[in-house]
Amino acid sequence: MKLNRTQWASVTAVVLALLFAGGAVTVASADRDDAPKTPTAESADAGFARDMAVHHQQAVEMSFIVRDRTTDEDVRRLAYDIANTQANQRGMMLGWLDMWGLPKVQSGVAPMTWMGMGVDMGGEDGELMPGMATRAELDQLRTASGRAAEVLYLKLMTEHHKGGIHMAQGCVERCVPGVERDLAQGMVDAQESEIKLMADMLKARGA
């Protein structure tokens, strides 16, 4: 049977509609297949959340210490911002681990194993991961005051941020796309900016 122009137009419309529908189903199926699964305990997502929560906790501790050791408003403001930001981020990461049903501590696994590093720094002196201060350095911060406390804090936090940026970049490269990887990228950007600020603050203090 020969089809006229109108009938050809109708057939073409139906074929295109079917092709579009088939493509939509394929895309939807692919989306379901590619949807993020719950991370495993050994995944980069879980490893980053565990390790960065520990890393952040020390930054919060150092920031509260220096706020009691100086009256300088610029340092106190920076310390407050770091403590507030990193405490909130730490809460988010621990919340994700709870949501995933994963332990907050993985015994027998060295920090940063998820990055392919497996850093074992012993931890006896408190320096569990790169950038973290030792117990002796924290004790020194607790006993310092005024400019000495400000300079020590800024130096310790600069190194702390460098270690944190390295780890956050590891998550950007390895974690599943989504809110956690976005958070890691935000950490990289914010802490790089704070390192520049702290360099200026150190220079102003002749350090």
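Whatever comes next refers back to the structure up there.
Residues numbered from 1 in each chain as written. Predicted model: local features only at pLDDT ≥ 70, side-chain atom pairs only at ≥ 80, totals over all residues. Heavy atoms only, no water.

**Q** It is not clear to me how the state of the cysteines should be interpreted in this structure. Could you clarify?
**A** The term disulfide refers to a covalent linkage connecting the sulfur atoms of a pair of cysteines. Within this structure, the stated rule accounts for 1 disulfide. What pairs with Cys 171 in a disulfide is Cys 175, and their sulfur atoms sit 2.2 Å apart. Of note, the bridge from Cys 171 to Cys 175 carries an S-S torsion of about -120° and is left-handed in sense. Residue Cys 175 is classed as buried on the basis of its relative accessible area of 3%. (Disulfide = S-S within 2.5 Å. Buried < 20%, exposed > 50% of the residue type's maximum accessible area, 1.4 Å probe, protein only.)

**Q** Help me understand the pattern of salt bridges, please; the structure alone is not making it clear to me.
**A** Two side chains bearing opposite charge may form a pair once their charged atoms approach each other closely. For the structure shown, the criterion picks out 9 salt bridges. Its salt-bridge partner being Arg 142, residue Glu 61 comes within 2.7 Å of it at the nearest N-O pair. Highlighted residues: Glu 61 in helix H2 (residues 44-67) and Arg 142 in helix H4 (residues 135-143), separated in sequence by 81 residues. Assessed through its relative accessible area of 30%, Glu 61 is described here as partly exposed. Note on Arg 142: relative accessible area 36%, which makes it partly exposed. Close ionic contact of Asp 98 with Lys 104 constitutes a salt bridge, the shortest N to O distance being 2.5 Å. Asp 98 gets classed as partly exposed once you look at its relative accessible area, which sits at 49%. Judged by its relative accessible area of 37%, Lys 104 is partly exposed. (Salt bridge = Lys/Arg side-chain N within 4 Å of Asp/Glu carboxyl O. Helix = DSSP H or I, 4+ residues; strand = E, 2+ residues; numbered from the N terminus.)

**Q** Help me understand the layout of surface pockets, please; the structure alone is not making it clear to me.
**A** If a probe as big as a water molecule is rolled over the atoms, it shows which places are left empty. By volume, the largest pocket is sized at about 380 Å³. Every residue lining the largest pocket is counted, 22 residues in all, and those nearest its centre are Arg 50, Asp 51, Val 105, Gln 106 and Val 109. (1 Å grid on protein atoms, 1.4 Å probe; cavity = no way out; pocket = protein on both sides within 12 Å on 5 of 7 lines; lining within 4 Å. Points joined across faces, edges and corners; volume = space filled by probe spheres on them.)

**Q** Before we go on, may I ask you to explain the packing of aromatic side chains in this structure?
**A** Each pair of aromatic rings is reported with the distance of its centres and the angle of its planes. This model, assessed by the stated rule, comprises 2 aromatic pairs. Geometrically, the ring pair formed by Phe 48 and Trp 114 is edge-to-face, given 5.9 Å between the ring centres and 80° between the ring planes. Separated by 66 residues along the polypeptide, Phe 48 in helix H2 and Trp 114 in the loop between helix H3 (73-100) and H4 bring together distant segments of the chain. Measuring from ring centre to ring centre gives 6.4 Å for Trp 96 and Trp 100, while their planes differ by 20°; the resulting arrangement is stacked. Pair noted here: Trp 96 and Trp 100 are both in helix H3, with a separation of 4 residues, about one helical turn. A single burial state applies to Trp 96 and to Trp 100, both of which are buried. (Phe/Tyr/Trp six-rings, centres within 6.5 Å; stacked < 30°, edge-to-face > 60°.)

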